[in-house]
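Read off the chains here:
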Amino acid sequence: MAVSLLQFHEVSDLCIGKPAVKSLPPSATIREALVALKRGGESFVSVWVADRASPEKKACAGKVCVVDVLCYLCSEENISSPAAALGAPVSALLRTKDSSLVRRVEPHSSVLEALDEVLDGAQNLVVPIRSGAGRKKLPGGGGAADFCWLTQEDFVRFFLNSIALFSPAPALSVSDLDIVRPATLAIRPHDPALAALPLIRRALADQTSVAVVTDDGKLIGEISPSTLAHCDEGAAAALAALSSVDLMSWIDCSGAPPEAAVRAVKARLREKGMEAMIELLEADLSPPFSSSSSSASSSSSSSDEESSLVAERRPRRLRSAGSYSAKMGRRSEEAIVCHPGSSLMAVMIQALAHRVSYVWVVDDDYGLVGIVALPDILGVFRELLQQPSERE
């Protein structure tokens, strides 16, 4: 029955209600990309170029988000002049990115064909929007406005809606299914956040996160690209100045850190000879995140500000449903976690409920065991779909 489910569904079924993608030309500046991200409220925007085979049409060259910008500003070649780097073309953000992360599939393709693209490494699938009743065709067809995105999350939701067809696998634990992978992207709380830059780039490419762990392996939080994506350019200054644990607190301010934190970051940047990064804290990109707003109360002394921005993190009791997504206020110390014995279905529901593409796996003492990512989950369903044909 599971195989017949896919035989009667095509990619267009997953696109129902999807909005058209937001786009930029490759000549747009990084500053303009930031403005577009802020104005549109999207996690990322797509960059479109002329299709090599049909120059009159457009092809998606990739996608960019705030995290791409932050990593670019903090790179070795730009950290001494980040304000000038904002004037570079947005295409500069794509040079180090794998172009295969975004792939085109046709609306009449089968869900199984599209799933194979995702399992082959695609983060997003760009799908032409079919013209139909009630849908107005935009002039100059073939542009970004004629396409929508499909994500790994869309496929997980598709399988969850038909979960009974795959019984009993959804009731098995993630450990029994052998889909808990090692958590290789990890950093210590008091390591410089700048040292995590390569890990953040990798996490962005993998759609996972960077674990912040104690010396004895306890998970106390994360530096997640999905939460960094809702910060502004000032987070680049914080990334250059702070420790990993302090960066977690900065991210939790959601673009409006208290004045005490801003002063502490500026002081540390001066100590490190990175005065140019201070400009990012004072930048006024329209429409701005309110980086100049201060907290209602800030009574700590200057010495307290400079010694630490946050209280010591303590491992929290295991919670499988007590956090919120980045857009809903989830804090960096409230990583979404499960047990090795958690069922596949429970982990799917967690990931979808919190809008994350991974779930950390911890033991009873909050020791980090590993991570389950959405491609791991989708791989289980792909294998289940393969089994009937193998028996035949």
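Residues numbered from 1 in each chain as written. Predicted model: local features only at pLDDT ≥ 70, side-chain atom pairs only at ≥ 80, totals over all residues. Heavy atoms only, no water.

On to the sheet that holds strand E11 (residues 358–362), then. Taken in spatial order, the three strands line up as E10-E11-E12 in an open sheet, and their pairing is mixed. Looking along the sheet, the strands with just one partner apiece sit at the ends: strand E10 (337–338) and strand E12 (368–373). Here two bridges tie E10 to E11, and the two strands are oriented parallel to one another. Paired with Val 337 across the bridge in E11 is Trp 360. (Pairing = 2+ DSSP bridges. Helix = DSSP H or I, 4+ residues; strand = E, 2+ residues; numbered from the N terminus.)

Attention now goes to helix H7 (residues 152–160). Of all the nine residues making up H7, eight are buried; the element is thus mostly covered by neighbouring parts of the structure. Among the residues making up H7, those that are buried are Gln 152, Glu 153, Asp 154, Phe 155, Val 156, Phe 158, Phe 159 and Leu 160. (Buried < 20%, exposed > 50% of the residue type's maximum accessible area, 1.4 Å probe, protein only.)

Within strand E5 (residues 124–128), five of the five residues are buried, leaving the element largely enclosed by the surrounding structure. In E5, alternate side chains face the same way, and those of Asn 124, Val 126 and Pro 128 on one face and Leu 125 and Val 127 on the other are all buried. In the sheet, strand E4 (residues 102–104) pairs with E5 via three bridges, with the strands oriented parallel. Looking at the pairing, Arg 103 lines up with Leu 125 of E5. The β-α-β motif built from E4, the intervening helix H6 (residues 111–119) and the parallel element E5 has right-handed crossover chirality. (Right-handed = clockwise from strand over helix to strand, strands pointing away.)

With that settled, the discussion passes to helix H4 (residues 66–73). In an α-helix there are 3.6 residues to a turn, and that puts residues three or four apart on one side. For H4, the buried fraction is high: eight of the eight residues fall into the buried class. Those residues of H4 that sit buried are Val 66, Val 67, Asp 68, Val 69, Leu 70, Cys 71, Tyr 72 and Leu 73.

We now examine the pattern of salt bridges. Taken as a whole and assessed by the stated rule, the structure comprises 15 salt bridges. In this structure, Asp 154 and Arg 157 form a salt bridge, with 3.8 Å as the shortest nitrogen-oxygen distance. With Asp 154 and Arg 157 both in helix H7, this residue pair falls three residues apart, about one helical turn. Ionic pairing is found between Asp 216 and Lys 218, a salt bridge with its closest N-O pair at 3.6 Å. Residue Asp 216 is classed as exposed on the basis of its relative accessible area, which comes to 54%. Here the salt bridges share partners, and the residues they tie into one network are Lys 18, Glu 153, Asp 154, Arg 157 and Arg 355. (Salt bridge = Lys/Arg side-chain N within 4 Å of Asp/Glu carboxyl O.)

This brings us to the sheet that holds E4. Here we have three strands laid out as an open sheet, ordered E4-E5-E6, and mixed in their pairing. Only two strands of the sheet have a single neighbouring strand rather than two, namely E4 and strand E6 (147–151). Taken over all neighbouring pairs, the strand axes of this sheet differ in orientation by 30° on average, direction set aside. Along the sheet, H7 makes contact with E5 and E6, crossing E6 at roughly 65°. (Axes fitted to C-alpha atoms, helices over the stretch in contact; angles between N-to-C directions. Contact = heavy atoms within 4.5 Å.)

Coordinates in, geometry out; function isn't part of it.
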